[in-house]
Amino acid sequence: MFWKFDLNNTSHIDQLLDREGVTLRELMEEEDVLQECKAQNRKLLLFLSKDHCMQELVTLITEEPPADLEEKTRFKFPNIACELLTSDVALINDKLGGDESLLEKLYHFLEQEPPLNPLLASFFSKTIGNLIARKTDQVISFLRKKHNFISLVLNHIDASAMMDLLLRLISCVEPALLRMEVLNWLNEERLIQRLTELMHTGRDEERQSNASQTLCDIIRLSRDQANQLSEVTEPDPLLTVLESQENVSELLKNMFEGERTEASVVNGTQVLLTLLESRRSGLEGLMDLYSQGFERSYTVNSSILRAIEPHLKDFQQLLLNPPTRSAILTTVGVLEQPLGSARLHVARLVASLLQTCDLSICQEICRLNTMDLLLDLFFKYTWNNFLHLQVELCVASILNHSAHSDHQNPGLQNHEERPLFQHCRLVQRILDAWEENDKIQAEGGRRRGNMGHLTRIANTVVQNLEKGSVITEIIITCISTEETNRRNTVDLVSTHNLHSSSEDDDMESPFPNDLSIQQAFSDYQIQQMTANFVDQFGFNDEEFSEHDENINAAFDRIAEINFNIDANAAAFEACCKERIQQFDDCEEEEDIWDEKEINYATQIKSRSRYNPGWTASFSETEVSSSSAWGGSPQQEGEGPQDTNWASFTEFQPFSR
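- Under an unreviewed UniProt entry, the name given to the protein chain is Protein phosphatase 6, regulatory subunit 2a, and the source organism is Cyprinus carpio.

### Quick word on the overall build of the protein chain
Then, in step 1: Broken down by element type, the protein chain carries 33 helices and 4 strands.
Then, in step 2: Out of the 656 residues in the protein chain, the part that is buried amounts to 46%.
Then, in step 3: Pairs at least 24 residues apart make up 72% of the contacts formed inside the protein chain by residues separated by at least 6 positions.
Then, in step 4: Accessible surface computed for the protein chain: about 35,500 Å², of which carbon and sulfur atoms make up 49%.

### Quick word on the nonpolar core
Then, in step 1: Ranked by size, the top nonpolar core spans 146 residues in total, and within it Phe149, Met162, Leu272 and Met371 carry the most contacts.
Then, in step 2: Take this core: its biggest share by element is 9 residues, from helix α23 (residues 340-355).
Then, in step 3: Not counting residues up to four positions away in its chain, the partners in contact with Leu272 are Val248, Leu251, Leu252, Met255, Ile308, Phe315 and Leu349.

### Quick look at a negative patch on the surface
Then, in step 1: Residues Glu197, Glu246, Glu250 and Glu257 make up a contiguous surface patch of negative charge.
Then, in step 2: Its location among the elements puts Glu197 in helix α15 (residues 191-197).

### Looking at the pattern of salt bridges
Then, in step 1: Across all of its chains, the model carries 24 salt bridges by this definition.
Then, in step 2: Linking Glu243 and Arg223 is a salt bridge whose minimum nitrogen-to-oxygen distance equals 2.8 Å. One end of the pair, Glu243, is in the loop between α17 (237-242) and α18 (245-256); the other, Arg223, is in helix α16 (residues 205-228), and 20 residues separate them in sequence.
Then, in step 3: Residue Arg223 is classed as buried on the basis of its relative accessible area, which comes to 8%.
Then, in step 4: The network of salt bridges with shared partners includes Asp217, Arg220 and Glu277.

### Some words on helix α5 (residues 51-62)
Then, in step 1: Helix length check: α5, at 12 residues, gives a terminal C-alpha distance of 17 Å against a target of 16 Å (1.5 Å per residue), a fit within 8%.
Then, in step 2: Residues of α5 that are buried include every one of Cys53, Met54, Leu57, Val58, Leu60, Ile61 and Thr62, and no others.
Then, in step 3: The inward-facing, buried residues of α5 abut α2 (24-28), α4 (42-48), α7 (76-85), α8 (90-98), α9 (100-107) and α10 (118-134).

### A closer look at the environment of Pro175
Then, in step 1: Mapped onto the elements of the fold, Pro175 is located in the loop between α13 (160-171) and α14 (176-188).
Then, in step 2: Taking relative accessible area as the criterion, Pro175 reaches 56% and is therefore assigned exposed.
Then, in step 3: As a C-alpha pair, Pro175 and Thr136 span 39 residues in sequence and 9.6 Å in three-dimensional space.

Scoring rules and cut-offs
Residues numbered from 1 in each chain as written. Predicted model: local features only at pLDDT ≥ 70, side-chain atom pairs only at ≥ 80, totals over all residues. Heavy atoms only, no water. Helix = DSSP H or I, 4+ residues; strand = E, 2+ residues; numbered from the N terminus. Buried < 20%, exposed > 50% of the residue type's maximum accessible area, 1.4 Å probe, protein only. Contact = heavy atoms within 4.5 Å. Areas by Shrake-Rupley, 256 points an atom, 1.4 Å probe, with all protein chains shown as cover. Core = buried A, V, L, I, M, F, W, Y, C linked by side-chain atoms within 4.5 Å. Patch = residues over 30% accessible without salt bridge, like charges linked within 9 Å, V, L, I, M, F, W, Y side chains within 5 Å. Salt bridge = Lys/Arg side-chain N within 4 Å of Asp/Glu carboxyl O. Lys, Arg positive; Asp, Glu negative; His and termini not counted. Charge placed at Lys NZ, Arg CZ, Asp CG, Glu CD. Expected span 1.5 Å × (residues − 1).

See below:
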């Protein structure tokens, strides 16, 4: 029954406030003080906004509590004080933002010697950040009068709360015109240059890390806001400095000057990777690179690339001589020389640079033979999937350049694909690794950890062959079809374009005469074609599926064959006419409802997955001695003939 409950009960907070001499600490002891504050309890808000209460609240979040207090209660009141000051109540915001003595008390927290108490630093940052968003004009005006504000914040950059404070200054100021004023002020204070200086190898690692993260966040925030605030035509001054060749060069100088530490390399490379990121709007743009099959290239400010290019040799040296690391124990044993974060970040940088499709950068990477080193690491560290992904991205970028840059940047093919297949021996390495893995598994060992990424790389090679790109010619020159079939039991080349000659004087034609063409056609006829090459590369069908499911597997990809000979097309066509007897489909469409005598000589159209221009006939037709199946016609008088039935004993089993 409702009358059993007193719905008009006065809260305990109100009862305390009605009592004379109540203190702030007594109110803060109440569990519902924050709830009552956010619920706009008028009595409570009037009490909290008194001068002595506001002074005490600010003192709690800026001064160390007594050390003799019990640890679990030592920061209880500072935490509650911070929540009250940032409860987003207009009366408290007005009081705190409009009283300069309170702002001075807050600002005094920055004037302490480092290191700051990280918990108090977070309370301070949260309070100032709330004022920046709610009382923007007053707080920005106050901070701009403090000429050492940026210096003090950077002096305490080892506390992550100071990083958050800088980001609030950049992202939480509205309207757009006022935000641009703040950005210009920060630029005049040389914020970006000062953060870049903190990336020097001699700096504290914690400062380097936070400075790096701050720069990365500024880049992303500035780009996102530039996309969202289309009405602002003036460029972001901080982003302009960040993308300038001068600043990027200074960053690289700080990374490699003096002793090269892993921290400086990793933190500096993270900034470079962020600068090379796609200009995207929203989180969905982050996954575009992977969802579109590594085929999307994007425009990067050329000044960034020009600053990086002279230092590619320094990154190359890091791959050869990384910072020393001690041996580590892993789940697969002791790793005497770990890959390390430095070399992993170099691999990430190379992958990002290749995705820009910049000709000069790609030529320098090829000249330094960087891809060969990355492939060495790929096969050496067989259990580091982070590295495997980056190498896969590199290979995919190089291969896809040929498909998308044939007309735009024809030089890319000569400077990327040829070294990848000729000098780096990509295909041969894939085959060797697969054979070695098969031996290990046959002896009872476990499958290597890089085989999944190796399969994806092999698939990328095949997919680019199917597109008819220039790398087809290169691969055919590097390896023979027979060697591929013998070593890996999967035809990697013969189902695709076969070029009889090359415009390059250094390349010899694999099919120099008609006899070679006939041999190529024979190989073309008897080659193995499997529908699930992508999924079962290097494995036998019987290991994963029932035998009956693979009866037609050998024919499933006939329709996908792209057999093309450029220079000797006429000779190849003549060979085809000699080897195969053509049959024409019935041109007149028959009425399926007409009654007719069943005739086994009727030509039957091939299944849709075969070449639609080919037909089979079961009529008593004399078979030419040059039949594509290699059989000879049966002579008269050699015994009983049953020409309407096939003799299955004559068929040879398909071998894998």
